[in-house]
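Here is what each chain is made of, one letter per residue.
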Amino acid sequence: MKIASLLNTAVPYQPGPLVIVSDDLKTYRMAAQPRLQDALDLDDLRPTGDDIPFNPDDCGPLLPRAYQFLDGSAYVNHVELVRQARGAEMPESFWTDPLMYQGGSDAFMAHNAPIRGETDWGIDLEAEVAVIIGHVPIGASHAEAAAAIRFVTLLNDVSLRNLISDELAKGFGFVQSKPACACAPVAVSPDALPGWRDGKLHGIMKVDLNGKPFGRADTGVDMTFDFPTLIAHAAKTRSLTAGTIIGSGTISNKLDGGPGLPIDKGGVGYSCIAEQRTVETILDGAPKTPLLQPGDRVEIWMEDEMGQSIFGNISQTVEAL
């Protein structure tokens, strides 16, 4: 099953009508429940009515006001590279105990919303996989966590790199350095994803920057912690409400026998600019790739075996604040 939330043109940041989308993303039917949160709460995802032509541009965020957004760092290669670049040793526990932070969930952006900010904040993209879950009880097992996954989608978890260090130095975590995320227009149930197995999505995360290939990492490779593990980690001391969104963290592969290579040098590229800058620092002593500037355009998507976009495209342009 594929779903989307139509844009609410009357009230910004309020959820629009829930629709059930055809596999080829060409038509949709209205859902029996008016909003995705209602459907998750009642476990009711029935379509109703006639087919209507589907246009992703008519979509808003799937859950513009999600109850909770928890973002992991499942691709530990990304963490290892960043720490290596600044000469910091990585604790062994990072390979066995997931990193996770609680992000803002009250204003998810639509797939085509602009990324707005000051350039001296160090604006960056982060291409991620995310899952939307049903209710998860406190202390859930891996199997219970896996059974709670209702839908899979893609995120651009925007980061403000130049604000992160000072904020983390306070010892309390991300707030200003993590603005609103953008989500793909469509989410897909795991049973309708051929690439879903072992609690992971296997496929190529395609990232273009200003029309040029920037990242082609495989989301099923080098994922240290699968989604059920991330969910169970979050539920260790509290239950998770239906509608909670769990992010994978930046997709990162270590396929090149070293710190990774850009696409134009035969590698799979990167899913955030910070990782490319990190590799440049490791290899050359300093970064050379700039972070996002006004006018830059980011595209994030994933295709099936026929070359059809699975989730629709995240397509955002950077605008000065």
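Our subject is the structure that appears above.
Residues numbered from 1 in each chain as written. Predicted model: local features only at pLDDT ≥ 70, side-chain atom pairs only at ≥ 80, totals over all residues. Heavy atoms only, no water.

Participant: Describe in detail the nonpolar core, supporting the description with residues and values.
Facilitator: Judged by nonpolar contacts, the single largest core of 69 residues is most densely connected at V131, L154, F227, I231 and F311. If one sorts the elements of this core by residue count, helix α5 (residues 227–234) sits on top with five residues. Once you skip the residues sitting within four places of it in the chain, F227 turns out to touch V129, A130, V131, I149, W196, G199, I246, G247 and S248. With 23 residues, the next largest nonpolar core counts L62, Y101, A130 and C181 among its residues. (Core = buried A, V, L, I, M, F, W, Y, C linked by side-chain atoms within 4.5 Å. Buried < 20%, exposed > 50% of the residue type's maximum accessible area, 1.4 Å probe, protein only. Helix = DSSP H or I, 4+ residues; strand = E, 2+ residues; numbered from the N terminus. Contact = heavy atoms within 4.5 Å.)

Participant: Report on the pairing of strand β1 (residues 2–5), specifying residues and quantitative values.
Facilitator: Of the two faces of β1, the one lined by K2 and A4 and the one lined by I3 and S5 are each fully buried. Note that β1 and strand β2 (residues 18–21) share four bridges and pair antiparallel. Across the sheet, the residue bridging to I3 is I20, located in β2. (Pairing = 2+ DSSP bridges.)

Participant: Outline the sheet that holds strand β7 (residues 115–117), listing residues and values.
Facilitator: Hydrogen bonding along the main chain pairs the strands of a sheet, whether they run parallel or antiparallel. Across the sheet, five strands lie side by side as β7-β20-β19-β16-β17; this open sheet has mixed pairing. Looking at strand neighbours, the two that pair on one side only are β7 and β17 (212–218), the edges of this open sheet. With direction set aside, neighbouring strand axes in the sheet form an average angle of 20°. Note that strand β16 (residues 204–209) and β17 share six bridges and pair antiparallel. In the strand pairing of β17, D208 is matched with P213. (Axes fitted to C-alpha atoms, helices over the stretch in contact; angles between N-to-C directions.)

Participant: Would you mind going over helix α6 (residues 273–284) in detail, with residue names and values included?
Facilitator: Between its first and last C-alpha atoms α6 spans 16 Å; for 12 residues at 1.5 Å apiece the expected length is 16 Å, and the two agree. Among all positions in α6, only I273, A274, E275, Q276, T278, V279 and E280 are buried. At the C-terminal side of α6, G285 shows a positive phi close to 90°. (Expected span 1.5 Å × (residues − 1).)

Participant: For the state of the cysteines, give the residues involved together with the corresponding values.
Facilitator: Across all of its chains, the model carries zero disulfides by this definition. Cysteine C59 shares no disulfide, and the gap to the nearest cysteine sulfur, in C183, comes to 9.4 Å. Exposure remark for C59: the relative accessible area of 1% places this residue in the buried category. (Disulfide = S-S within 2.5 Å.)

Participant: Break down the packing of aromatic side chains for me, citing the residues and quoting the values.
Facilitator: The final tally for this structure, using the stated rule, is five aromatic pairs. Where F69 meets F108, the ring centres are 5.5 Å apart and the plane angle is 75°; that geometry is what we call edge-to-face. A residue pair is termed long-range when its members are at least 10 positions apart, and F69 in strand β5 (residues 69–72) and F108 in the loop between β6 (100–103) and β7 qualify at 39 residues. (Phe/Tyr/Trp six-rings, centres within 6.5 Å; stacked < 30°, edge-to-face > 60°.)

Participant: I'd like a description of the side chain of S315, backed by residues and values.
Facilitator: Tracing the sequence through the fold places S315 in strand β20 (residues 314–320). In this structure the side chain of S315 is engaged in a polar contact, spanning 2.7 Å, whose partner is the side chain of R297. A polar atom in the side chain of S315 sits 2.6 Å from the side chain of E299. Not counting residues up to four positions away in its chain, the partners in contact with S315 are H111, N112, R297, V298 and E299. (Polar contact = N/O pair within 3.5 Å; in protein donor to acceptor, adjacent residues only side chain to side chain.)

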